[in-house]
Structure formats: C-alpha cells, structure tokens
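# Observations on chain architecture
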There are 2 protein chains.
Amino acid sequence: MNTIKPALPRGTRDFPPDVMVKRNFILNIIRAAFEKYGFLPLETPAMENLSVLSGKYGDEGDQLLFKILNSGDFMAKVDNDEKTFLDYGKLTPQISEKGLRYDLTVPFARYVAMNQHDIVFPFKRYQIQPVWRADRPQKGRYREFFQCDADVIGTDSLLCEAEIAILVHEVFHNLGLRDYVLKVNNRKILEGIAESAGDKKRAGEFFVLLDKLDKIGLHHLKELLEENRFHRDFIARIERIITLTGDHQHKLDFLERNMSGSEMAREGVGEIRKFFEYLESLEDGIKQTELDISLARGLSYYTGMILEVKATGVRIGSIGGGGRYDNLAGVFGLPGMSGVGFSFGIDRIFDVMEELNLFSDHNLPATKILITNFDPETEKYAFQILSKLRRADIRAELFPDPVKIKKQLNYANKREIPFVLMIGSEELKKGVCSLKDMNRGEQEELTIDALIEKMNRI
Amino acid sequence: MNTIKPALPRGTRDFPPDVMVKRNFILNIIRAAFEKYGFLPLETPAMENLSVLSGKYGDEGDQLLFKILNSGDFMAKVDNDEKTFLDYGKLTPQISEKGLRYDLTVPFARYVAMNQHDIVFPFKRYQIQPVWRADRPQKGRYREFFQCDADVIGTDSLLCEAEIAILVHEVFHNLGLRDYVLKVNNRKILEGIAESAGDKKRAGEFFVLLDKLDKIGLHHLKELLEENRFHRDFIARIERIITLTGDHQHKLDFLERNMSGSEMAREGVGEIRKFFEYLESLEDGIKQTELDISLARGLSYYTGMILEVKATGVRIGSIGGGGRYDNLAGVFGLPGMSGVGFSFGIDRIFDVMEELNLFSDHNLPATKILITNFDPETEKYAFQILSKLRRADIRAELFPDPVKIKKQLNYANKREIPFVLMIGSEELKKGVCSLKDMNRGEQEELTIDALIEKMNRI
C-alpha cells in the first residue's frame with residue numbers, strides 16, 4: 001500500500017483531549033441548565049432526506065447543503081441524455097437523495113410532525129449535535145460545527161421567552177462569562193412599520209439588510225435601503241426608532257405614541273412589555289437584558305420575540321440567539337404550532353472564553369497518579385496497587401513498559417499528572433510505596449492504605 | 001410551499017427523550033471507566049477525505065462508504081466522455097472527494113500520524129461518535145450507529161490487554177449486565193498453524209471463514225474449508241484445537257505440546273500466558289474471562305491478542321470486541337506503532353439491557369415539580385416560586401398556559417413528574433402553596449421554604 005498523506009477536509013477540525021475538556025466544560029453547563037429547566041434530550045440522524053432539507057434555508061442555504069451520493073450504481077437510473085450530464089443542477093436530484101443536516105431546527109420540526117400523536121405538548125426538547133454547511137471556511141467559520149438548541153413547541157405563552165432569558169443568564173453566570181448583553185426585540189414592530197409604510201411584503205428583505213447594521217453602520221444602512229428602493233418616509237421612521245436611547249420603558253412608550261397606526265406593531269410592543277414584566281417580577285430578573293429595536297436576526301422563520309447574546313469584551317458576532325416562530329412544522333403537515341427556541345454558539349463561546357482566559361483552571365481529565373514501571377518483578381505488585389487505587393475510584397495509570405524513569409516522569413509531566421508512585425524492589429520487600437508530589441517535588445514513603453486515604457482527601 | 005411527508009432515511013433513527021436517557025446511562029458508565037483508566041477524549045470530524053478512508057476496509061467496505069458530492073458545479077471538471085458518465089465507478093472519484101467515517105479506528109490512526117510530534121506516547125484515547133455504513137438495513141443493523149472505542153498506541157506491553165479486560169469487567173458490572181463472557185485468543189496461534197501447514201498467505205481468508213463458526217457450526221465450517229481448498233491435515237489440526245475443552249492452562253499446555261514447530265504459534269501461547277498471569281495476580285481478576293481458540297474476529301488488521309464479549313442470556317452477536325494491531329498508522333507514514341483497542345457495541349448493549357429489563361429504574365430526566373398555571377394573576381407568584389426552586393437547584397417547570405387543570409395534570413403524568421404544585425388565589429393570599437404527591441395522591445399545604453426543604457430531602 002502506498003503511503004497516504006494524512007489530512008483533514010477543509011473547514012473541519014479534530015478536537016484533541018485538551019480542547020475536548022474545555023468544550024465538555026461548556027456543554028455540561030448548558031446541558032445541566034437545559035435539564036433543570038425541563039427540556040428533554042433528543043438526537044436525530046446526521047442524514048436527512050433532501051426533500052426534508054431543501055427549500056428551508058433559502059436558495060443560498062440549498063447551495064450549502066452537503067449532499068450524499070446514492071449508493072451502488074447511482075448513474076443507472078439517470079436520464080440518458082447529455083443535457084442532464086452537463087447540468088449539475090438537473091443531475092443532482094437524480095444521483096442524491098440525502099443530505100447532511102444544516103441546522104437542528106428543521107430536523108426538530110420533522111421529528112415533531114412525525115411523532116405528533118405520541119408527543120405531550122407543550123414539548124420542551126434540547127439537542128446538542130454537529131451540523132454541516134459547505135460554506136467557504138474562514139477564521140471562526142467551519143464546515144462542521146456544533147449547535148446547542150432548546151425549544152418549546154405547542155404554546156404561545158411569553159412565559160417561555162422569559163424563561164429562556166433567565167436560562168441564558170444562568171448559563172453565562174455558570175460559565176463565568178460576565179461581559180455580555182442579552183438583546184431582545186420583536187419582529188412585529190418592524191414588520192408593522194413596514195406594513196404601514198406599504199412595504200409589508202418586503203419585510204423579510206428589510207430584516208436581512210437591517211441585520212447588517214452592526215457591520216456597516218447606520219449611514220451605509222440608509223444608503224443600502226435607498227438603493228433597494230425602500231420609501232424615504234419609511235427610512236426616516238426607521239432611523240428614528242432604531243436610534244432610540246434609554247431603557248425599555250422609555251423606548252416602548254415612544255413606540256406606543258408613534259405607531260398607533262399599526263395593529264401589528266402595537267402587538268409587538270405589548271409582547272415586549274409582557275416579557276419584561278415577567279423578568280421584573282423576579283429579583284435581579286432583568287440583569288443584562290436590553291431592548292434593541294434594531295435587532296433583526298437573519299433567519300426568516302421568526303415571527304415574534306427575538307433574542308441575541310453579544311459578548312461585550314471581545315470583538316466577535318453573536319454568541320447565541322433565538323426567537324419565536326409560528327408555523328415551523330406546517331410544511332410537514334402540522335400547522336399552527338407556535339414555538340420558541342434558543343441556540344448557544346458553542347464555538348464562539350469557546351473562543352471568547354479562550355481569549356478572556358476563563359479556562360485557566362481546566363486541565364486534562366486528571367489521572368491523579370502514575371505508577372512507574374521498574375522491572376517485570378515489581379510490575380505485578382504495581383499492577384495490584386493500581387487495581388486497589390481504581391477500586392477506591394482513584395484515577396490511576398501504570399506505565400506499560402519498564403523504560404527509563406526519566407521517560408516515565410516526562411510522561412507524567414506532559415500529561416499533567418500530579419503524583420507519581422515509585423515502586424522498586426525495596427518498596428516491594430517492605431510492602432510500601434514512595435509517593436512523589438510532582439508540583440512540590442517532595443517524596444514520602446506510605447503504606448497502600450495511607451496512600452488511598454491521602455488521595456481521597458486531596 | 002407544498003406539504004412534505006416527514007420521513008427518515010432508511011436505516012437511521014431518531015433518539016427520543018426516553019431512549020436518550022437510557023443511552024446516556026450506558027455512555028456515562030463507559031465514559032467514566034475510560035477516564036478512570038487514563039484514556040483521554042478525542043473527537044474527529046464526520047467527514048474524512050476519501051483518500052484516507054478508501055482501501056482500509058476491503059472491497060466490500062469501500063462499497064459501503066457514504067460519499068459526499070463535491071460542492072458547486074461538480075460536473076465541470078469531469079472528463080467529457082460518455083464512457084465516464086455511464087461508469088459510476090469511474091465517475092465517483094471525479095465528483096466526490098469526501099466520505100463519512102466508517103469506523104473510529106482509521107480516523108484515530110490519521111490523527112496520530114498527523115499529530116505524531118505533539119502526542120506523548122503511549123497515547124491513550126477514547127472516542128464516542130457515530131459512524132456510517134451503507135449496509136442493507138435490518139433488525140439491529142443501522143446505517144448510522146455509535147462506536148465507543150478506547151485505544152492505547154505506542155507500546156506492545158501486554159499489560160494493556162490485561163487492563164482492557166479489567167475495564168470491560170468494570171463496565172459490565174456497573175451496567176448491571178452480569179450474563180456475559182469475555183473471550184480472548186491470539187491471532188498468532190492460528191496464523192502459526194496456517195504457516196506451518198504452508199497456508200500462511202491464506203491466514204486472512206481463514207480468519208474470515210472461522211469467524212462464521214458460531215453461526216454455521218463445526219460441520220459446515222469444515223465443508224467450507226474443504227471447498228476453499230485448505231489442506232486436509234490443516235483442517236484436522238484446526239478441528240482438534242478449536243474443540244479443546246478445559247481451562248486456559250489446560251488448553252495452553254496442549255497447544256505447547258502440539259505446535260513446537262511454529263515459532264509464531266509459540267509466541268501467541270506465551271502472550272496468552274502472560275495476559276492471564278496479569279489477571280491472576282489480582283483478586284477476582286479472571287472472572288468471566290475465557291480462552292477460546294476458535295475466536296477469530298473479522299477485522300483484518302489484528303496481529304496479536306483479540307478479545308470479544310458475548311452476552312450469554314440473550315441471542316445476539318458480540319456486544320464488544322477488540323485486539324492488538326502492529327501497524328495501524330503505517331499507511332499514513334508512521335510505521336511500527338503497536339497498539340491495542342476495544343470497542344463497546346452500544347446499540348447491542350442497549351438491546352440486551354432492554355430485553356433483560358435492566359433499565360427499569362431509569363426514567364426521564366426528572367423534572368421534580370410541575371407548577372400549575374391557574375390564571376394571569378397567580379401566574380407571576382408561581383413564576384417567582386419557580387425561580388426560587390431553580391435557585392435551590394431543584395428541577396421545576398411552570399405550565400406555560402392557564403388551561404384546564406386536568407390537562408396540566410395529564411402533562412405531569414405523561415412526563416412522569418412526581419409532584420405538582422397548585423397555586424390559586426387562596427394560596428397567593430396566604431403566601432403558601434399546595435403540593436400534590438402524584439404517586440400517593442396526597443396533598444399538603446406548605447410554605448415555600450418548607451417546600452424547598454422537602455424537595456431537597458427527597
């Protein structure tokens with residue numbers, strides 16, 4: 001066999017042990033919070049039928065789906081026609097029926113529609129799995145990345161949005177990540193304004209442009225809106241609203257005075273009020289939560305409250321976001337199911353925590369003791385001690401080969417193992433062991449029982 | 001948009017909450033054991049380059065790889081030649097560069113070769129991730145399934161095999177799955193016999209046939225070997241050896257007396273002796289471990305000790321297996337790395353535990369209290385109590401809508417929530433709450449503090 005250069009596909013990553021430990025620290029905190037708030041775990045397959053995935057993420061999304069080649073002789077049933085061969089768009093559906101999931105929301109909707117008769121509604125589920133997008137890889141953007149989603153479906157109660165806000169605060173508190181703000185808004189306000197300006201049908205288009213505000217600034221946004229032929233009046237109103245300052249009460253009062261014309265916008269204002277009332281009823285409930293009328297969120301399926309978390313100490317996009325949708329499972333034959341969801345951006349949270357040095361205390365899954373391997377004679381005694389340590393639930397290893405002690409100590413150092421147990425013929429004779437504290441450099445002789453007791457104390 | 005029938009690709013599964021809880025019970029026990037024994041976590045991407053995957057699993061394996069269609073106009077660079085269009089074998093490498101991983105061993109070897117200068121050897125890693133195979137789906141065989149692997153690479157010490165045997169016993173003990181046997185053998189014995197019979201080159205072929213023994217029985221195996229033109233002498237020797245009874249000492253003594261001609265077979269016997277010596281040095285070390293000379297294992301890359309776990313209470317194939325390999329990373333330019341690994345068959349372990357009813361105590365991730373939602377007035381008070389319960393780390397939910405109490409109690413029942421908290425205007429006035437024990441049917445009035453205390457006690 002020829003030698004093959006080992007390499008990863010572009011935009012994908014290995015997670016080596018030191019990274020896994022930090023990622024698991026984040027994931028365990030998120031998972032614990034999800035379960036504490038009553039969300040149930042769900043996992044769906046990596047592959048979905050393309051009929052399920054296609055058309056859900058816009059034209060651009062369809063282009064970014066990873067498609068799986070049909071098994072066997074996939075060309076056997078293709079139209080025998082050169083035009084088909086040369087047109088990959090025509091050929092694709094004939095040679096590929098499945099794709100890799102693009103997010104966790106569409107598989108969730110598919111699951112709910114398929115199992116609607118067994119599910120107890122409201123259904124609260126969480127899902128932590130990788131998704132795949134054939135995007136151009138760049139710093140912080142991968143072709144395989146993880147999403148951590150929690151959704152409640154089957155109720156339109158704003159209590160759910162309030163609970164999500166509190167859950168978000170609890171997660172970031174537990175992560176030790178304090179420099180962030182949770183921005184909220186309601187799609188109905190801007191949609192209502194677009195409606196009363198006669199641009200209702202273009203609300204989706206408007207949200208996509210508004211979503212760029214952070215990146216391009218107000219001046220360029222206005223230019224962009226003009227280029228896209230939005231009414232001057234509309235642009236002026238928008239400017240006044242998205243540049244509002246003050247707390248949420250102040251902003252909501254202004255909106256109420258200035259948009260009595262739109263029933264929909266008034267509904268949006270009412271929902272935001274109710275959301276904040278829930279938070280205000282709790283001690284310290286509002287915390288770092290802010291009303292930001294300019295918040296748009298890119299996704300098209302949101303219809304009510306939207307939420308987004310921004311890290312304030314680091315230049316990075318949002319590190320989490322979500323919102324309410326009214327008809328997610330409708331396309332799968334289950335109409336009228338309102339729901340609200342939130343997704344933590346684990347990769348970006350990881351980057352922020354790395355940059356702010358919030359991981360400093362998280363080392364490798366700690367093997368506590370390495371037992372050195374002197375020679376075949378003492379090895380069996382060492383093996384027995386190893387077994388006793390593990391029975392006492394102490395994480396221990398015995399170096400597998402009787403190589404030079406320097407090499408074995410080097411292994412302990414690199415693996416960040418804090419204690420090394422030396423067992424030579426002397427120790428074997430006396431039925432004891434010598435414990436070396438790798439951080440302090442001290443060494444002491446102990447019986448096995450004393451060793452176990454000491455390890456359990458540390 | 002038209003309505004789409006929600007369906008799963010053949011051979012794939014959703015894992016709903018009740019299944020997730022049971023799977024996580026199994027995975028957490030395996031993960032804890034891996035870490036206790038010093039294995040470090042690793043994850044690799046779902047997609048690998050086809051140059052990495054192809055040729056590693058035999059011709060049949062290559063056919064079973066899921067291949068991913070190149071992004072964009074994948075036909076643009078294809079040879080413009082009708083022969084290519086009609087021959088899917090020729091077309092495939094031109095339109096597909098990546099595939100889904102088929103197991104965790106090849107990605108591990110790829111990772112080790114890529115990171116050889118940063119890794120501290122011996123390297124002990126574990127990996128729990130799904131793999132994909134385009135196999136014909138049938139009962140118990142899926143196109144997406146999980147593997148749970150632990151491997152040590154960079155040492156040929158038999159201590160590692162002994163440790164794996166002990167780890168296996170610890171895992172099944174902790175799972176509560178007692179009816180199993182860990183069978184061990186050494187590839188060198190049968191390979192040595194094949195060698196001394198002049199059939200050395202056909203050892204691989206022989207292992208594939210021997211692997212069928214369990215299914216087809218000795219008589220048919222002999223016929224099959226004859227059909228495949230193995231020597232009569234060889235078949236006779238094989239029969240004598242694989243039908244040996246008695247304990248491992250007895251079998252090893254017989255082998256030693258009867259195959260002095262083969263250096264390789266003698267080496268194999270020596271390794272098995274050493275393996276059992278390690279186990280015998282521990283109290284209760286051998287347990288349910290048996291030498292089975294007929295054990296072959298299907299995979300081609302094993303070169304020394306092989307291990308396999310069989311459930312004895314249930315008719316099912318092996319529920320775990322592994323072995324030593326001498327040159328796994330050689331194809332990636334890192335020769336001479338000996339290692340040994342073991343893989344738990346989580347899907348089959350799940351099925352066995354389900355059949356033996358070993359999951360009876362594992363319910364849904366328990367929300368402990370459901371707070372009922374009477375009306376908008378009491379809701380805020382209920383929301384405050386919810387917040388207090390969660391601050392005390394008690395898993396609680398507030399029903400999001402003020403629907404009929406019967407519906408809310410039904411939700412608690414179906415979700416297996418053991419306590420329901422009733423909060424009406426009466427309770428609001430008195431600043432208390434009524435707790436209903438759903439299992440006993442009893443109800444009592446409590447202050448919030450007394451409630452929290454009670455919940456923390458249970």
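Note: the structure precedes this text.
Report follows, based on the coordinates. None of these values were measured; they are calculated from a predicted model.

### Here's the deal with the overall build of chain A
Along chain A, the regular secondary structure elements total 18 helices and 16 strands. The globule rule puts the C-alpha radius of gyration for 458 residues at 23 Å, and the 29 Å found for chain A is more than 25% above it. Referenced to the eigenvectors of the C-alpha coordinate spread, the extents of chain A come out at roughly 95 × 70 × 45 Å. By the burial criterion, 58% of the 458 residues in chain A qualify as buried. Restricting the contact set of chain A to residue pairs at least 6 apart, pairs at least 24 apart contribute 67%. Carbon and sulfur atoms form 46% of the exposed surface of chain A, whose accessible area is close to 19,900 Å². Here chain A contributes 64 positive and 70 negative side-chain charges, whose respective centroids are spaced 3 Å apart.

### Points about the relation of the copies chain A and chain B
When chain A is fitted to chain B, the residual RMSD is 0.0 Å, and the transformation amounts to a turn of 180 degrees plus an axial shift of 0.0 Å. What we have between these two chains is a two-fold relation. In terms of proximity to the rotation axis, the leading residue of chain A is I68(A), whose C-alpha is 2.2 Å off the axis.

### Observations regarding the pattern of salt bridges
Pairing between side chains of opposite charge can happen when their charged atoms approach one another. In the structure shown here, the tally under the stated rule is 58 salt bridges over all chains. In this structure, E445(A) and K430(A) form a salt bridge, with 3.0 Å as the shortest nitrogen-oxygen distance. With E445(A) in strand β16 (residues 443-447) and K430(A) in helix α17 (residues 425-430), this residue pair connects regions lying 15 residues apart in the sequence. Between R324(B) and E161(B) there is a salt bridge, and its shortest N-O distance comes to 2.6 Å. With R324(B) in strand β10 (residues 318-325) and E161(B) in helix α7 (residues 159-175), this pair connects stretches of sequence that are 163 residues apart.

### Re the sheet that holds strand β11 (residues 339-344) of chain A
Residues and elements named next belong to chain A. The strand order β1-β5-β6-β11-β10-β9-β7-β8 describes an open sheet built from eight strands, whose pairing is mixed. Where the open sheet ends on each side, the last strands, each with one partner, are β1 (40-41) and β8 (289-291). Where strand β10 (residues 318-325) and β11 come together, six bridges link them in antiparallel fashion. For R324, the partnering residue across the bridge sits in β11 and is V340.

### Points about the packing of helix α1 (residues 17-36) of chain A against helix α7 (residues 159-175) of chain A
Residues and elements named next belong to chain A. For the pair α1 and α7, the least separation of the axes is 10 Å and the interaxial angle reads 145 degrees. Two packed elements cross with a definite hand, and for α1 against α7 that hand is right-handed. Two secondary-structure elements touch here, α1 through F25, I26, I29, I30, A33, F34 and K36 and α7 through L167, E170, V171, N174 and L175.

### A few points about the side chain of T367(A)
By the secondary structure assignment, T367(A) is in the loop between α14 (346-355) and β12 (369-371). Of note is the side chain of T367(A), whose polar atom sits 2.9 Å from the side chain of E397(A). Within polar-contact distance, the side chain of T367(A) engages the side chain of R415(A) at 3.2 Å. With residues near it in sequence (within four places) discarded, T367(A) still touches R395(A), A396(A), E397(A), R415(A), I417(A), P418(A) and G38(B).

### With respect to the pairing of strand β5 (residues 123-132) of chain B
Here is the key point about a regular strand: its side chains alternate between the two faces of the sheet. All names here are of chain B. With 10 of its 10 residues buried, β5 lies for the most part within the structure. Here strand β1 (residues 40-41) pairs with β5 via two bridges, running parallel. When the sheet's bridge partners are listed, P41 is paired in β5 with Y126. In this sheet, strand β6 (residues 144-153) lies alongside β5 in antiparallel orientation, the contact comprising 10 bridges.

### Remarks on the packing of aromatic side chains
Two aromatic rings, taken as a pair, are described by how far apart their centres are and by the angle between their planes. Residue and element names in this part refer to chain B. Applying the stated rule across the entire model yields 42 aromatic pairs over all chains. Summarising the aromatic geometry, the rings of F206 and F230 are spaced 6.0 Å apart at their centres and angled 55 degrees between planes, so their arrangement reads as tilted. A residue pair is termed long-range when its members are at least 10 positions apart, and F206 in helix α9 (residues 203-210) and F230 in the loop between α10 (213-227) and α11 (232-242) qualify at 24 residues. Both residues of the pair, F206 and F230, count as buried. Judged by centre distance (6.1 Å) and plane angle (85 degrees), the ring pair of Y301 and Y325 falls under edge-to-face.

### Here's the deal with the sheet that holds strand β16 (residues 443-446) of chain B
Residue and element names in this part refer to chain B. The sheet built from five strands is open, its strands ordered β13-β12-β14-β15-β16 with mixed pairing. Of all strands in the sheet, those bounded by a partner on one side alone are β13 (396-398) and β16. The sheet shows a mean angle of 25 degrees between the axes of neighbouring strands, taken without regard to direction. Pairing between strand β12 (residues 369-371) and β13: three bridges, direction parallel.

### Digging into the pairing of strand β14 (residues 419-422) of chain A
Residue and element names in this part refer to chain A. Burial of β14 is two-sided: the residues F419 and L421 facing one way and the residues V420 and M422 facing the other way are all buried. In this sheet, β14 lies alongside β12 in parallel orientation, the contact comprising three bridges. Bridge pairing in β14 places I371 opposite L421.

### Some words on the interface of chain A and chain B
Facing 109 residues of chain A, the contacting portion of chain B comprises 108 residues. Contact between chain A and chain B buries roughly 9,700 Å² in total, counting both sides, with carbon and sulfur atoms accounting for 65%. Looking only at chain A, the three residues that lose the most surface to chain B are K36(A), F383(A) and R390(A), adding up to 7% of its buried area. Across the chain A-chain B interface, the total number found is 12 salt bridges. Here R390(A) makes a salt bridge to E163(B), at a shortest N to O gap of 2.5 Å.

### Points about empty space enclosed by the protein
One water molecule sets the probe size; rolling that probe over the atoms shows where empty space is left. On inspection of all chains with the given rule, the structure shows five cavities of 30 Å³ or more. By volume, the largest cavity amounts to about 110 Å³. Taken together, the elements giving at least two residues each to the lining of the largest cavity come down to α7 of chain A together with β13 of chain B. By residue number, the principal contributor to the lining of the largest cavity is α7(A), which donates four residues. Counted by class, the lining of the largest cavity contains 11 nonpolar, no polar and three charged residues. Taken as a whole, the second largest cavity holds about 70 Å³ of empty space.

### Observations regarding the packing of helix α15 (residues 376-391) of chain A against α7(B)
Close contact between α15(A) and α7(B) brings their axes to 13 Å; oriented N to C, the two are set at 25 degrees. In terms of axis orientation, α15(A) runs roughly parallel to α7(B). Note on packing geometry: the crossing formed by α15(A) with α7(B) is right-handed. The residues of α7(B) that touch α15(A), namely those facing E379(A), F383(A), L386(A) and R390(A), are L159(B), A162(B), E163(B) and I166(B).

### A short note on the nonpolar core
Ranked by internal contacts, the top residues of the largest apolar core, which has 103 residues, are I371(A), L451(A), F172(B) and F344(B). With 11 residues, the top contributor of residues to this core is α7(B). Listed in part, the 102 residues of the second largest apolar core include L27(A), V168(A), L213(A) and L389(B).

About the thresholds
- Residues numbered from 1 in each chain as written.
- Chains lettered and ligands numbered in written order.
- Predicted model: local features only at pLDDT ≥ 70, side-chain atom pairs only at ≥ 80, totals over all residues.
- Heavy atoms only, no water.
- Helix = DSSP H or I, 4+ residues; strand = E, 2+ residues; numbered from the N terminus.
- Rg over C-alpha atoms; globule rule 2.2 N^0.38 Å.
- Buried < 20%, exposed > 50% of the residue type's maximum accessible area, 1.4 Å probe, protein only.
- Contact = heavy atoms within 4.5 Å.
- Areas by Shrake-Rupley, 256 points an atom, 1.4 Å probe, with all protein chains shown as cover.
- Lys, Arg positive; Asp, Glu negative; His and termini not counted.
- Charge placed at Lys NZ, Arg CZ, Asp CG, Glu CD.
- Least-squares fit on C-alpha atoms with pLDDT ≥ 70 in both.
- Salt bridge = Lys/Arg side-chain N within 4 Å of Asp/Glu carboxyl O.
- Pairing = 2+ DSSP bridges.
- Axes fitted to C-alpha atoms, helices over the stretch in contact; angles between N-to-C directions.
- Left-handed = near helix turned anticlockwise from the far one by under 90°.
- Polar contact = N/O pair within 3.5 Å; in protein donor to acceptor, adjacent residues only side chain to side chain.
- Phe/Tyr/Trp six-rings, centres within 6.5 Å; stacked < 30°, edge-to-face > 60°.
- Buried area = accessible area lost by both parts, 1.4 Å probe.
- 1 Å grid on protein atoms, 1.4 Å probe; cavity = no way out; pocket = protein on both sides within 12 Å on 5 of 7 lines; lining within 4 Å.
- Points joined across faces, edges and corners; volume = space filled by probe spheres on them.
- Nonpolar A, V, L, I, M, F, W, Y, C, P; charged D, E, K, R; others polar.
- Parallel < 35°, antiparallel > 145°, perpendicular 65-115°, else oblique.
- Core = buried A, V, L, I, M, F, W, Y, C linked by side-chain atoms within 4.5 Å.

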